[in-house]
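Next come the chains, spelled out residue by residue.
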Amino acid sequence: MEDQSIVDLYWRRDPDSIRRTDEKYGNYCRTIVRNILPDGRDQEECVNDTWMKAWNAMPDQRPSLLGPFLGKIARNLAFNRWRAGHAEKRGGGELPLILEELAECISPDDTSRTVETAELEEAVNRFLRALPERDCNVFLRRFWFSEPAADIARRYGMKEATVRTSLFRSRAKLRNFLEKEDLL
């Protein structure tokens with residue numbers, strides 16, 4: 001089913017919209033959430049909360065791209081659940097390491113405040129558009145999808161050390177870029 005048809009179902013308040021969304025974007029959202037939250041029950045709750053949040057948001061918003069809209073909701077819900085301490089009590093996962101890696105670019109004291117600003121988001125988007133495609137993909141896989149470096153290496157046929165080097169260089173470039181933009 002096409003995205004626009006699914007969105008139309010939401011706007012008509014048709015409960016079938018949830019089933020259609022899960023069929024088309026369930027695996028996508030589960031992958032995002034699974035890379036942030038280690039516990040299967042938390043993951044499934046987070047995906048279900050994504051559908052509910054989409055249901056509640058649709059009458060006011062009409063997303064032109066449903067996948068990124070749902071992915072952002074799922075990601076934010078997963079980060080919120082992780083921050084609440086649920087995931088940390090059960091062993092963490094990749095998120096503590098990812099936040100530590102990003103702390104090189106963004107002050108850890110202001111991370112949550114700074115990351116939420118539209119100005120920073122736009123600057124990071126400009127930075128990512130300027131990266132070579134593979135470097136951008138590796139960066140997004142790590143810091144948007146929260147994928148482990150080993151999985152990224154397999155996905156792109158790279159050595160894990162090459163992935164880590166690429167991420168290190170991209171973070172350094174991002175830091176320099178944000179300093180030039182007076183965002184650090």
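The structure under discussion appears in the preceding block.
Residues numbered from 1 in each chain as written. Predicted model: local features only at pLDDT ≥ 70, side-chain atom pairs only at ≥ 80, totals over all residues. Heavy atoms only, no water.

A. Seen up close, the pattern of salt bridges. Following the criterion strictly, the structure yields 16 salt bridges and no others. One salt bridge connects Glu-44 with Arg-30, and the closest N-O pair in it is separated by 3.3 Å. With Glu-44 in helix H3 (residues 40–57) and Arg-30 in helix H2 (residues 16–34), this pair connects stretches of sequence that are 14 residues apart. Taking relative accessible area as the criterion, Glu-44 reaches 33% and is therefore assigned partly exposed. Under the relative-accessibility criterion, Arg-30 is labelled partly exposed at 22%. In this structure, Asp-39 engages Arg-41 in a salt bridge whose closest nitrogen and oxygen atoms are separated by 3.3 Å. (Salt bridge = Lys/Arg side-chain N within 4 Å of Asp/Glu carboxyl O. Helix = DSSP H or I, 4+ residues; strand = E, 2+ residues; numbered from the N terminus. Buried < 20%, exposed > 50% of the residue type's maximum accessible area, 1.4 Å probe, protein only.)

B. Representation of the packing of H2 against H3 in the model. Here H2 crosses H3 at 130°, and the two axes come no closer than 10 Å. Comparing the axis directions of H2 and H3 gives the class oblique. With respect to the hand of their crossing, H2 and H3 are arranged in right-handed fashion. Contact with H2, carried on its side by Ser-17, Ile-18, Thr-21, Asp-22, Tyr-25, Gly-26, Cys-29, Arg-30, Val-33 and Arg-34, involves Gln-43, Glu-44, Cys-46, Val-47, Thr-50, Trp-51 and Trp-55 of H3 and no other residues of that element. The class makeup of the residues in the contact of H2 with H3 is 8 nonpolar, 5 polar and 4 charged. (Axes fitted to C-alpha atoms, helices over the stretch in contact; angles between N-to-C directions. Parallel < 35°, antiparallel > 145°, perpendicular 65-115°, else oblique. Left-handed = near helix turned anticlockwise from the far one by under 90°. Contact = heavy atoms within 4.5 Å. Nonpolar A, V, L, I, M, F, W, Y, C, P; charged D, E, K, R; others polar.)

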